[in-house]
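# Working through the structure, step by step
What follows is the residue order along each chain.
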Amino acid sequence: MRKIQMVDLKGQYEPIKEQVNRTIQEVIDTTAFINGPEVHGFQKDLEDYLNVKHVIPCANGTDALQIAMMGLGLKPGDEVITADFTFAATVEVIALLQLTPVLVDVDPVDFNIDIEAVKKAITPKTKAIVPVHLFGQVANMDALLELAEEHNLFVIEDNAQAIGADYKHKDGSTSKTGTIGHVGSTSFFPSKNLGCYGDGGAIFTNDDALAHTIRGIVNHGMYERYHHDVVGVNSRLDSIQAAVLRAKLPHLDNYNARRRAAALKYTEHLEDHPKVITPNIVSGDPNAHVFHQYTLRLQGVDRDALVKHLNANDIPCGVYYPIPLHKQKAYADARYNEDDFTITNQLVKEVISLPMHSELDNEQIEYIVTKILEFID
């Protein structure tokens, strides 16, 4: 059996090695390292794939989320509602911009932001909602858009974990995640479903004026060299990373399909165990989940002891996430009431994420499942 990896980047690289190496070499040969043809080509390819008017590449996913907020003109003190159960980058950028983060609980089934909790959190100071499509599953975007319209709010999608996922609207139409709200952001960190070989990110929008603003922000506020029209940052996707992403993008649907197939195998083995809750695709549409992570809930099991057991058997795993954001020292706030975070506080004790990537094979999955059941039975 091949060594089990949490993410097998080498295995994914091998079939596309020749193309990736060639495109990287072309960038080096042309020395067009910044804003070169590969960046513009990838931007166009991704716009076509997502069916979105504007893709603005940038340096990483955290920058993408921050720049999206800057582009919307949010002001210090404005409240931004987001999920308590997610990676810190989501709330980090809110705080960095001196906005006021408002953390709310998540749904126990899909781990995405709880709509009723969002409703309760809206105040006259609320200006935006940031749903995170956590672990690769789409949040309830129709409900969030209805709330946003009712209260005149922006919806900023954190799509770092769900690129390629489909959302079926109530009217039957389908959109790719990241293109549904007013603006979306993603990360191309190497372990993502579409990852480069360093850092990278992008912002998506169908709003022409917003796209124009964001294009200035990512480049020091310049539209014309040395003319700084808006306050900006230096956040660009370099040409080598764009070349890698451009080579991998045509394979994204296949990568996601293979992740779904691996997830289905895990679920077939584990779904009937009384101590295990397997991932549930809430919409019933398999394309609504791209399984950036395959995350179980354990009940009546010593989760941390299971982690040690798996590691001792050469099986990597992860706990995403062990501490709620509202309990993190950087984001603790007297406004928060523990009774408002019952689901998140439970999830952080129960969740465990198993190896998940496009190169997992049945032999590896069988071994992983055997070692889990060996411990919990």
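Scroll up a little and you will see the structure.
## Comments concerning the sheet that holds strand 4 (residues 126-130)
With mixed pairing, the seven strands of this open sheet are ordered in space as 1-9-8-5-4-2-3. What marks the edges here is a single partner per strand, and that holds for strand 1 (54-58) and strand 3 (100-104). Across this sheet, the average inter-strand angle for adjacent strands is 25 degrees, counted without regard to direction. Summarising the sheet, strand 2 (residues 79-83) and strand 3 pair through five bridges and their orientation is parallel. For Thr82, the partnering residue across the bridge sits in strand 3 and is Leu103. Its contacts with the sheet place helix 4 (residues 61-71) against strand 1, strand 4, strand 5 (154-158), strand 8 (183-187) and strand 9 (201-205), and it is angled at close to 165 degrees to strand 8. Across the face of the sheet, helix 8 (residues 208-217) comes into contact with strand 1, strand 8 and strand 9 while running at roughly 15 degrees to strand 1.

## A few points about helix 10 (residues 252-270)
Over its 19 residues, helix 10 runs 27 Å from end to end, which matches the ideal 27 Å to within 8%, given 1.5 Å per residue. Along helix 10, the residues that are buried comprise Leu252, Tyr255, Asn256, Arg259, Arg260, Ala262, Ala263, Tyr266, Thr267 and Leu270. The arc that holds every buried residue of helix 10, seen down its axis, measures 165 degrees, which confines them to one face.

## Thoughts on the sheet that holds strand 13 (residues 294-298)
Reading across the sheet, the three strands line up as 12-13-14 and stay open at both edges, with antiparallel pairing between neighbours. Of all strands in the sheet, those bounded by a partner on one side alone are strand 12 (276-277) and strand 14 (351-354). When strand 13 meets strand 14, the two strands line up antiparallel, connected through four bridges. Bridging from a neighbouring strand, Tyr294 pairs with Leu354 of strand 14. Set on the sheet, helix 10 makes contact with strand 12, strand 13 and strand 14; between it and strand 13 the angle comes to about 20 degrees. Packed onto the sheet, helix 11 (residues 303-312) meets strand 13 and strand 14 and runs at close to 20 degrees relative to strand 14.

## Focus: the pattern of salt bridges
Inspection of every chain in the model, using the stated rule, returns 15 salt bridges. When the shortest N-O distance is used, the salt bridge between Glu38 and Arg246 registers 3.6 Å. Linking Glu38 in helix 3 (residues 37-50) with Arg246 in helix 9 (residues 239-248), this pair joins segments that are 208 residues apart in sequence. Across the pair Lys53 and Asp208 runs a salt bridge, and its minimum N-O distance is 2.9 Å.

## Comments concerning helix 5 (residues 89-96)
One full turn of an α-helix is made of 3.6 residues, so residues set three or four places apart face in the same direction. Every buried residue of helix 5 is accounted for by Ala89, Thr90, Val91, Val93 and Ile94. Positive phi appears at Gln98, one or two residues downstream of helix 5, with a value of about 60 degrees.

## As for unusual backbone geometry
Excluding glycine, residues mostly have negative phi values, and the peptide bonds linking residues are mostly trans. Note the cis peptide between Tyr320 and Tyr321, where omega equals 15 degrees. As for its placement among the helices and strands, Tyr321 is situated in the loop between helix 11 and helix 12 (342-350). Even without being a glycine, Thr31 presents a positive backbone phi close to 55 degrees. Residue position: Thr31 is located in the loop between helix 2 (17-30) and helix 3. One non-glycine residue with positive phi stands out, namely Phe291, at about 50 degrees. With respect to the helices and strands, the residue Phe291 is situated in the loop between strand 12 and strand 13. Of the residues examined, Phe291 reaches a relative accessible area of 5% and is grouped as buried.

## Details of the pairing of strand 8
With five of five residues buried, strand 8 lies mostly within the body of the structure. Neither face of strand 8 is exposed, since Val183, Ser185 and Ser187 on one face and Gly184 and Thr186 on the opposite face are all buried. Bridge analysis of strand 5 against strand 8 gives three bridges, and the strand direction is parallel. Counterpart to Ile156 in the pairing with strand 8 is Val183.

## Some remarks on the packing of helix 3 against helix 9
Close contact between helix 3 and helix 9 brings their axes to 8 Å; oriented N to C, the two are set at 40 degrees. With respect to each other, helix 3 and helix 9 are oriented oblique. With respect to the hand of their crossing, helix 3 and helix 9 are arranged in left-handed fashion. Where helix 3 approaches helix 9, its residues Pro37, Glu38, Val39, Gly41, Phe42 and Asp45 are matched on the opposing element by Ser239, Ala242, Ala243, Leu245 and Arg246. For the contact of helix 3 with helix 9, the class distribution of residues is six nonpolar, two polar and three charged.

What counts, and at which threshold
- Residues numbered from 1 in each chain as written.
- Predicted model: local features only at pLDDT ≥ 70, side-chain atom pairs only at ≥ 80, totals over all residues.
- Heavy atoms only, no water.
- Pairing = 2+ DSSP bridges.
- Helix = DSSP H or I, 4+ residues; strand = E, 2+ residues; numbered from the N terminus.
- Axes fitted to C-alpha atoms, helices over the stretch in contact; angles between N-to-C directions.
- Contact = heavy atoms within 4.5 Å.
- Expected span 1.5 Å × (residues − 1).
- Buried < 20%, exposed > 50% of the residue type's maximum accessible area, 1.4 Å probe, protein only.
- Arc of directions from axis to C-beta.
- Salt bridge = Lys/Arg side-chain N within 4 Å of Asp/Glu carboxyl O.
- Parallel < 35°, antiparallel > 145°, perpendicular 65-115°, else oblique.
- Left-handed = near helix turned anticlockwise from the far one by under 90°.
- Nonpolar A, V, L, I, M, F, W, Y, C, P; charged D, E, K, R; others polar.

Purely geometric stuff here, so don't read any function into it on its own.
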